[in-house]
Structure formats: C-alpha cells, structure tokens
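Structural characterization, general
Listed below, chain by chain, are the residues.
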Amino acid sequence: MRYVSTRGSAPVLDFEQVTLTGLAADGGLYVPEAWPRFSADQIADMAGLSYVETAVRVMLPFVGDSLDEDALRRLCEQAYQGRFAHGAVTPLVQLDHRHWLLELFHGPTLAFKDVAMQLLGLLFERFITGAKDHLTVVGATSGDTGSAAIDALAGREGVDIFMLHPRGRVSEVQRRQMTTVLAPNVHNIAIDGNFDQAQALVKAMFNDPGFSGKFALSAVNSINWARLMAQIVYYFYAAVRLGAPEREVAFSVPTGNFGDVFAGYVAARMGLPVVRLIVATNINDILHRALSSGDYSVGEVTPTAAPSMDIQVSSNFERLLFDLGGRDGGALSAQMKAFEADRRLQLSNSQCEGAATLFTSCRVDPDEMALALRRTHESAGQVVDPHTAIALSAARSAELPGDVPVVTLATAHPAKFGDAVERATGVRPTLPPRVGDLFEREERYDVIHATFDDVTAHIAELATPRS
Ligand SMILES: *Cc1c(COP(=O)(O)O)cnc(C)c1O
C-alpha cells in the first residue's frame, strides 16, 4: 500500500513512513493511493469476531509491507486488551427500536481518541526501534487529544512528547489527566495564551527549518493517517453486529476536525453498506454550511459546552475534497491555497454532488443539545456527554431511508463534562473507578510564555537532537 499527498507533489510513502510523518511536505495530507475493498462475503465473515480480530482484518490492507499479520495482531492485542474497561472495547447500547449508541469512551482517558491513540503509541515505538533517531512528538491540545496522546506515549522507548495546553482553559479533569502522568518522557507545557496560539506555535516549529531540522519531529493530531485508519474498525464492528452486509446502517457523528466521520466515509468506500453519515456540528457550523450549501468559509470560534467541536477549520475535510474532486492533486492544491488566503472556499459541483450521496449535516444549538441530553436520560436511562447529545439530536432530526438502524457515536464519557451534563439532566455523572485518585495525584508541568523563542528554547533543552 502506497500513500499519496492530497496536494499531489510530496513524495509517495509507505505505511511506516506515513505514520511517522504527519503533514506532507507540500502542505497536503496523506491518503492511500486506492481504497481497499471487501466483498459482501468478506464482511459477512466478520460476524462474531472479537474487536482485535476485526481490527486485524480491517487494517491489514493498509499496513502493506510495514507489518505482517502476526505483528499487527500483537499490536492490536496490546492496544485493546486490558487498556479498555469493556470487553467489547466499543460496545453498542440500544436506545429504542432503531437508535443505538456506539460507546467509544471506555479507554484510559474517557474519550474516543484513546481508540486510535493507543495503537499509534505502539506503532511509533515499533517503527522508531532500530532507527537512529529519537522521536520528538509535539502537539497542542484543547483537552482530549493531549490526555489520550500522553497516556498512549508515556514510557514508550525512543519517544518524547511535548504537549502544549492553554493555561487555565482546559477542564480540571482534562488537565489532571495530562499533568499527573509523571513518566520522564512526558513534558507538559502550560502556555500563557489560548488554544489557537498553542496550535500556531506547534505549526511554527514544524515550519522553522532551524528547529525542525534539529529534531525528528512528529505529530499526533488527527491529520495522522494511522489515527484515521484505527477509527475505521469500529464502523465495521458495529455495522456487522446490526446486520451488515445484508442490512444497511446509518451513523451520526459529533464532528470537529472531520477525522472520525472521515473514517466512516472510508468504511463506506471499502464496501460497508453505510446508507448515511450524519455530520453533527454545534453552532460552530462551518461543516454544516459546507455540506448543505457548498460554502466552506471560516467564522469566529464560539466556545460551547462541547469544546472538542469548537473549531472553524476542519483539517481532514481536505481529504474528502480530494477524493470527491477526482483525486486531482494539482486542482486541490490550488483550491486549498486560495482557501488559506481568503479563508473561504466554494465546493465544486462534483464535490457537492459527491458529498450529497453519503453525507447529511445538521447544526445543533445549545438548547437542542440540552433537550437531547434530558430526553435520552428520561426515555432510555442513559446519561450522555454534550458531544454525544449533539449527534443524538442530529440523528433524531435527520431524514433517513426506511427503517435502517441509526448508530450515534458516543465520543466521551459524561463525567468528563460533568457540569454541562448536570445542568441539563440534574444528574452529576461520577468518574469511573479506573481514573481512581486523579484528584489526589501529584501534578507536573511547566508554565511558559506563549512565544516561539521561549517555547522552543524550553523544548530544545529537554529533547534529544537528531544524530
Ligand atoms: C475530538 C472529539 C470530537 C471530534 O472528532 P473529530 O475527529 O475531530 O471530528 C468529538 N467529540 C469528542 C468528545 C472529541 O474528543
């Protein structure tokens, strides 16, 4: 399997290289050269398989020569057996005769990002072993990505992680999930600034040849292909349990950076009978505007109770535009350069028509979110988190064919967003026992000014340079 950049001019890479690389050198994102495809019989054969075995079948076509089947199986066992608090890893929960929740929050940091990050940490370790360089992972987080990445990379050989978070602007649970990990290869940096500044600092490090030349830098945000690949698995796992390949299934996905729902798109391209993907957004609705009217234009970010969806530029949307636009890297490169200059982009007719065959979008405001939280609690006895509530609201308002089952992705444990859940339902969700004494543990982090010089000087002091 070979990987090409959406902008057409970066080197073609194999799976190992694409895992370690992150962003392509031409500014694009890597995608497989062609989508692997399963026959109906091959999908039917997945009935009854464990999560680990499903993961091996679904991901094997993507890893090419970088891993053989046994090696992939061992990594999946290590990532998913024991690290998740539920034997099904991502269990389905029934809400009524047609609506289901796919619970993706049974991992160590209580959000769906654990599913991909636990595997990514092991892939980094495996691919860096024997290489001459030590990997320096840098990232910025508004909460969930940071904790999932730190948990996955803590103690891994040959890797250091530097995670920037905006000081005082992540929840206490989120901060403690990062700062109480005391492994020597974990470095938390609280910057005096907001998330956008943290993200801009990370981008500047990758773009500064003086800094990026000195260290083997790598990224853990959702532009990393291996993360998306790991998320395709649970679409198959859920749909097969609900009757695929004979029966079609719809999914509703709380969407921010378009990573999770893009994995659903890939599952459909691989032959899974996905009849609809509902892209649920909050009032930060750039994706709803793009998919309903072709208008992908950046607005102001408004903070909400579902912070992981508070974004205006959805990096993975570029992968969809590439695939729907006939995989023309030159044309997409021009389209994205114009977008970067004007902060707006109009989808072409073929992109709009292609998207309409599979995607429906829905914008959910705070009142609708609170209503969905309350109703799900009253009618099914389920307490969900604000992100999940947004997707549930979208699932219930979408027009769908026939009587297909509708699966809403539950992306976070409600206790991660306890205040918002309590406001809507009157119920205070309790943290599960596996996070234990989070509030008693020692914290460790450095507070650094939000300037390029201060942050890079701090990292340079602690990181291992290229040999
Ligand atoms: C990251 C996140 C999302 C958004 O996922 P994308 O892949 O960025 O679209 C939704 N819900 C929660 C709880 C998240 O942490």
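Residues numbered from 1 in each chain as written. Predicted model: local features only at pLDDT ≥ 70, side-chain atom pairs only at ≥ 80, totals over all residues.

Let us now look at the overall build of the protein chain. A tally of regular secondary structure across the protein chain gives 19 helices and 15 strands. Expected size for 467 residues packed as a compact globule is a radius of gyration near 23 Å; at 21 Å, the protein chain falls within 12% of this value. Oriented by its inertia axes, the alpha-carbon framework of the protein chain measures out at about 60 × 50 × 50 Å. A buried classification covers 52% of the 467 residues belonging to the protein chain. Sequence-distant contacts in the protein chain: of pairs separated by 6 or more residues, those separated by 24 or more amount to 75%. (Helix = DSSP H or I, 4+ residues; strand = E, 2+ residues; numbered from the N terminus. Rg over C-alpha atoms; globule rule 2.2 N^0.38 Å. Buried ≥ 20, exposed ≤ 12 C-beta atoms within 10 Å, placed from the backbone. Contact = placed C-beta atoms within 7 Å.)

On to the site of the ligand. Not every one of the 16 residues close to the ligand is listed here, only the nearest: Gly256, Asn257, Gly259, Ser308 and Thr411. Within the shell around the ligand, the residues separate by chemical class into five nonpolar, eight polar and three charged. (Near = placed C-beta within 6 Å. Nonpolar A, V, L, I, M, F, W, Y, C, P; charged D, E, K, R; others polar.)

Let us look at the UniProt feature "domain: Threonine synthase N-terminal" (unreviewed entry) in the protein chain. When the UniProt feature table is mapped onto this chain numbering, "domain: Threonine synthase N-terminal" (unreviewed entry) sits at residues 2–80. Here residues 2–80 runs as 47% helix and 8% strand, with 26 Å between its end C-alpha atoms. (UniProt positions renumbered as here; feature names shortened; annotations may be inferred.)

Now for the UniProt feature "domain: Tryptophan synthase beta chain-like PALP" (unreviewed entry) in the protein chain. Here, the residues flagged by UniProt with the feature "domain: Tryptophan synthase beta chain-like PALP" (unreviewed entry) are residues 88–340. In the segment residues 88–340, helix accounts for 42% and strand for 19%; the C-alpha atoms at its two ends are 42 Å apart.

What follows is about the domain arrangement of the protein chain. In terms of domain boundaries, the protein chain breaks down into domain 1 (87–109 + 225–425) and domain 2 (112–221 + 436–467). Between domain 1 and domain 2, the C-alpha centre-to-centre distance is 27 Å. Each partner contributes residues to the interface: domain 1 has 17 residues there, and domain 2 has 16 residues. In terms of residue count, the dominant contributor to the side of domain 1 that touches domain 2 is helix H10 (residues 225–241) (five residues). Class assignment of the residues belonging to the side of domain 1 that touches domain 2 gives a composition of eight nonpolar, six polar and three charged. (Domains from an automatic or database assignment.)

The strands that make up a sheet pair up through hydrogen bonds in the backbone, lying either parallel or antiparallel. Overall, mixed pairing links the six strands, which are arranged S3-S4-S14-S9-S10-S13 in an open sheet. Two strands bound the open sheet, and with one partner strand each, they are strand S3 (92–94) and strand S13 (359–363). The mean angle between the axes of side-by-side strands here comes to 25°, regardless of whether they run parallel or antiparallel. Relative to S13, strand S10 (residues 274–281) runs parallel, the two sharing five bridges. (Pairing = 2+ DSSP bridges. Axes fitted to C-alpha atoms, helices over the stretch in contact; angles between N-to-C directions.)

A separate point is the sheet that holds strand S8 (residues 216–218). Pairing is parallel in the open sheet, where five strands are placed in the order S8-S5-S6-S7-S15. Edge positions in the sheet fall to S8 and strand S15 (446–449), since each has one partner strand and no second. Each adjacent strand pair in this sheet contributes to an overall mean axis angle of 30°, direction not counted. Packing of helix H8 (residues 195–207) onto the sheet brings it into contact with strand S5 (135–140), strand S6 (159–166), strand S7 (186–192) and S8, and relative to S5 it is tilted by some 150°.

For the rest of this paragraph, the subject is H10. The element H10 is extensively covered by neighbouring structure, given that 17 of its 17 residues are classed as buried. Directly after H10, the chain includes glycine 243, whose backbone phi takes a positive value near 115°.

Next up on the list: the nonpolar core. Membership of the largest hydrophobic core comes to 154 residues, with the highest contact counts inside it found for Tyr235, Phe236, Phe251, Ala267, Leu272 and Ile278. If you tally residues by element for this core, the top one is H10, at 14 residues. In this view, tyrosine 235 contacts Phe251, Ala263, Gly264, Ala267 and Leu272; residues no more than four positions away in its chain are not counted. (Core = buried A, V, L, I, M, F, W, Y, C linked by C-beta atoms within 7 Å.)

What follows covers helix H18 (residues 418–425). Of the positions making up H18, those classed as buried are Ala420, Val421, Ala424 and Thr425. Projected down its long axis, H18 shows its buried positions confined to an angular sector of 110°, all on one face. Exposed and oriented more than 90 degrees from the buried face of H18 are Asp419 and Arg423. Each element contacted by the buried residues of H18 is listed here: helix H16 (366–380) and helix H17 (386–397). (Arc of directions from axis to C-beta.)

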